[in-house]
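# Coordinate inspection notes
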There are 2 protein chains.
Amino acid sequence: MTRLEPSPTAPRRKRLTVEARREEFICKATEFFAEEGFGGGTRELAAKLGVTQPLLYRYFPSKEELIQAVYRRVYLDRWKPEWDALLKDRTQPIRRRLQRFYEAYTDAIFDRAWLRIYFFSGLKGVEINRWYIAMVETRILKPLIAEFRHEAGLAPRDPPAPEDLELAWVLQGGIFYYGVRKFIFELPVEEDKSRVIANALDVFLAGLASHYGVTIPP
Amino acid sequence: MTRLEPSPTAPRRKRLTVEARREEFICKATEFFAEEGFGGGTRELAAKLGVTQPLLYRYFPSKEELIQAVYRRVYLDRWKPEWDALLKDRTQPIRRRLQRFYEAYTDAIFDRAWLRIYFFSGLKGVEINRWYIAMVETRILKPLIAEFRHEAGLAPRDPPAPEDLELAWVLQGGIFYYGVRKFIFELPVEEDKSRVIANALDVFLAGLASHYGVTIPP
DNA sequence: GCACTTATTTTTCACTTGATAAACAACGGA
DNA sequence: TCCGTTGTTTATCAAGTGAAAAATAAGTGC
């Protein structure tokens, strides 16, 4: 089984295998640290991986670097690029846009491991957590307010009023806390997530319209 | 400086001193674990207290018992008994009641140490955290729904519909997350807490009324 | 001043932690 | 078959962990 072009590809194939192993390490480490917190021991993690502890240090120079890799795995690439367009797609009413967005978004983040890493890292005060929250504000809440104002016939305003942002945060936090109760605290919650989102949006949009003395088309 | 009644009071005064010291330990331990998490070392804690590490074991049989004491200090006695009456005081409109309640309640729990211990213990899955959340549902959200229905002229319903509870949780979680952003993530937020609460209640109550096709007196 | 209790520190233990270096095993190419 | 590269384990280290025992300091009642 000799290859025609062995010299450039053969070493690359080996490196790829290494990358796959590395990926497996990160994946399992995410689950592990999600359960144990970042204080979890490297030996226990290695046992979970079915390897010995020093092997971890062949792939990551330190535990901290492994944790950084977990951060990246958890925080980055969660956001689907089409969501930006969805939120701003004025061919459909804002309620339907928000419903679709929040269903997809919560599908992506309502996951025990994700939520736990989110809070563990947030409690540690790491930068990537603040970066993520800034992204939420920029890509969800600001468009949400802008689109609401447009749909309600209010004059556009950029940047949005801090008060409006704060109101959007109450909605965001309210929906988010549903996931926290279900996946972190493991409490019994209403199981129909779509319904929870629908009701939350219903109350929020009607309340915001009333707050501004306007009406929005259903 | 001899005392007239030394025999019964003198030993009690010593015990009192011990209790005071114990209290100081718990108090400082709360701050310490709030910052470091429960993985924080006993030596570092002792240094913060200005004593040596083995002394902790004179007052608490184990680190875990000290942590339990911290839980009790944090979770118990936060709830002011008058809040129950406040929420049900039908001599004032529900909006004012909720405004007053949430201002007082958030004054009590929007505290860096409290919120961090809340999440550290919640992530650990300890029982007292679940107990606390059950209390929130019983003493805040259920009355809130019941009082809203009364004020809106809707038939009383006990227990409240799960859907209504879930809606109340969105409000609760939304307000709570304001504290999380400010005191845990330390992000810049709207500083006027009363205003945030007022707006959140405004939108929620108007939205809920619209949701049920009713009106509530301002 | 003296005996006795009690608060506190010093010393120490057994174990766990992250991390390193050396030994070993597998495998691919000549 | 041997060689060298590489993935993996074994053995080990120094520092830090919760906890206990022993030694010391500081009162307290008589």
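Sequence positions are assigned chain by chain, starting from 1 and proceeding in written order. Lettering for chains starts from A, numbering for ligands starts from 1, and both go in the order in which the items are written. In keeping with the model being predicted, local features are shown solely for residues with a pLDDT of at least 70 and side-chain atom pairs are shown and tallied solely at 80 or more, while totals for entire chains, interfaces and linings include all residues. Excluded from the side-chain calculation are hydrogens and water; included are all heavy atoms of the structure.

## Re the relation of the copies chain A and chain B
In this arrangement, two copies of a chain are superimposed by a rotation about an axis accompanied by a shift along the axis. Here is the rule we go by: Superposition of the copies was done by least squares, using only C-alpha atoms of residues whose pLDDT is at least 70 in both. Only heavy atoms enter the contact rule, under which two residues are in contact if any of them lie within 4.5 Å.
Least-squares fitting of chain A to chain B yields an RMSD of 0.0 Å, with the superposition described by an axial translation of 0.0 Å and a rotation of 180 degrees. These values place the two chain copies in the arrangement generated by a two-fold rotation axis. The overlap is high: 100% of the interface residues of chain A also sit at the interface in chain B, so the same surface is used on both sides.

## Quick notes on the packing of aromatic side chains
Aromatic rings in a pair are described by how distant their centres are and how their planes are angled relative to each other. The condition that has to hold: Note on ring pairs: Phe, Tyr and Trp rings are taken, using the six-membered ring of Trp, and paired if centres are within 6.5 Å. Classes follow the plane angle, with under 30 degrees stacked, over 60 edge-to-face and the rest tilted. Runs of E in the DSSP output that reach at least two residues are strands. Runs of H or I that reach at least four are helices, and both are numbered from the N terminus. Relative accessible area decides the class of each residue, using a 1.4 Å probe on protein chains only: under 20% of the type maximum gives buried, over 50% gives exposed, and in between gives partly exposed. Charge over a ring is defined by NZ of Lys or CZ of Arg lying within 6 Å of the ring centre and within 35 degrees of the ring normal.
In the structure shown here, the tally under the stated rule is 55 aromatic pairs over all chains. Here F176(A) and Y177(B) contribute two aromatic rings whose centre-to-centre distance is 5.3 Å and whose plane-to-plane angle is 55 degrees, an arrangement assigned as tilted. One end of the pair, F176(A), is in helix α9 (residues 162–184); the other, Y177(B), is in helix α9 (residues 162–184), on a second chain. The class for F176(A) is buried, based on a relative accessible area of 5%. The residue whose ring lies beneath K124(A) is F38(A), and the NZ or CZ to ring-centre distance is 4.7 Å. Residue placement shows R149(A) over the ring face of Y212(A); its charged tip is 6.0 Å from the ring centre.

## Things to note about the nonpolar core
A general tendency of soluble globular proteins is for nonpolar side chains to be buried together. Heads up, the condition is: Throughout, nonpolar core names a set of buried Ala, Val, Leu, Ile, Met, Phe, Trp, Tyr and Cys residues whose side chains join them through atoms within 4.5 Å.
Within the largest apolar cluster, 156 residues are counted, with the highest numbers of intra-cluster contacts made by Y102(A) and Y102(B). Residues within four places of Y102(B) in sequence aside, it is in contact with I140(B), L141(B), L144(B), L171(B), Q172(B), I175(B), I197(B) and L201(B).

## Description of the environment of I117(B)
All names here are of chain B. Assignment of secondary structure puts I117 in helix α7 (residues 112–124). With 22 residues separating them in the primary sequence, I117 and R95 have C-alpha atoms 31 Å apart. Here I117 is in contact with T30, F33, A34, F38, V70, V74, Y75 and G122, once residues within four sequence places are set aside.

## Some details on the domain arrangement of chain A
Accessible area lost during the coming together of the parts is what is often quoted as the interface size. Residue and element names in this part refer to chain A. Put simply, the rule reads: Boundary definitions for the domains trace back to an automatic or database domain assignment. By buried area we mean the combined loss of accessible area, with a 1.4 Å probe, across both parts when two parts are placed together. Salt bridges are defined by distance alone: a side-chain nitrogen of Lys or Arg within 4 Å of a carboxyl oxygen of Asp or Glu. Definition of a polar contact: a pair of N or O atoms within 3.5 Å, with one able to donate and the other able to accept a hydrogen when the atoms are protein atoms, and with sequence-neighbouring residues admitted only if both atoms are side-chain atoms.
When the domains of chain A are assigned, the result is domain 1 (18–73) and domain 2 (75–212). Computed from C-alpha coordinates alone, the two centres of domain 1 and domain 2 are separated by 31 Å. Listed as interface residues are 12 residues of domain 1 and, on the opposing side, 11 residues of domain 2. Regarding the contact of domain 1 and domain 2, the summed buried area is about 1000 Å², with carbon and sulfur atoms giving 60% of it. Here domain 1 and domain 2 share one salt bridge between them. Between E35 and R112 there is a salt bridge whose closest N-O contact spans 2.7 Å. The tally of links from domain 1 across to domain 2 stands at seven residue pairs in polar contact (both at pLDDT 80 or more).

## Observations concerning the packing of helix α8 (residues 127–151) of chain B against α9(B)
Two numbers describe a pair of packed helices, the interaxial angle and the distance between the axes. All names here are of chain B. Note the cut-off: To obtain each axis, a line is fitted to C-alpha atoms, and for helices this fit is confined to the stretch in contact; angles are then taken between N-to-C directions over 0 to 180 degrees. Here the angle decides the label: under 35 degrees means roughly parallel, over 145 means roughly antiparallel, 65 to 115 means roughly perpendicular, and every other value means oblique. Helix crossings fall into two classes, left-handed where the near helix is turned counterclockwise from the far one by less than a right angle and right-handed where it is turned clockwise.
Two elements in contact, α8 and α9, have axes whose closest approach is 9 Å; the angle formed by their N-to-C orientations is 110 degrees. The angle between α8 and α9 places the two elements in the roughly perpendicular class. As for how α8 packs across α9, the hand of that crossing is right-handed. Along the contact surface, α8 presents I133, V136, E137, I140, L141, K142, L144, I145 and R149, while α9 presents D164, L165, A168, W169, L171 and Q172.

## Side note on the pattern of salt bridges
Residues and elements named next belong to chain B. Inspection of every chain in the model, using the stated rule, returns 32 salt bridges over all chains. A salt bridge links R73 to E23; the shortest N-O distance between them is 2.0 Å. Of this pair, R73 sits in helix α4 (residues 63–75) while E23 sits in helix α1 (residues 6–36), placing them 50 residues apart in sequence. Among the residues examined, R73 registers a relative accessible area of 32% and is labelled partly exposed. For R112, the salt bridge goes to E186, with nearest N and O atoms at 3.4 Å. Placement of R112 in helix α7 and of E186 in the loop between α9 and α10 (193–212) is noted, with a sequence separation of 74 residues between them. Assessed through its relative accessible area of 23%, R112 is described here as partly exposed. In this structure E186 comes out as partly exposed when scored by relative accessible area, which is 44%.

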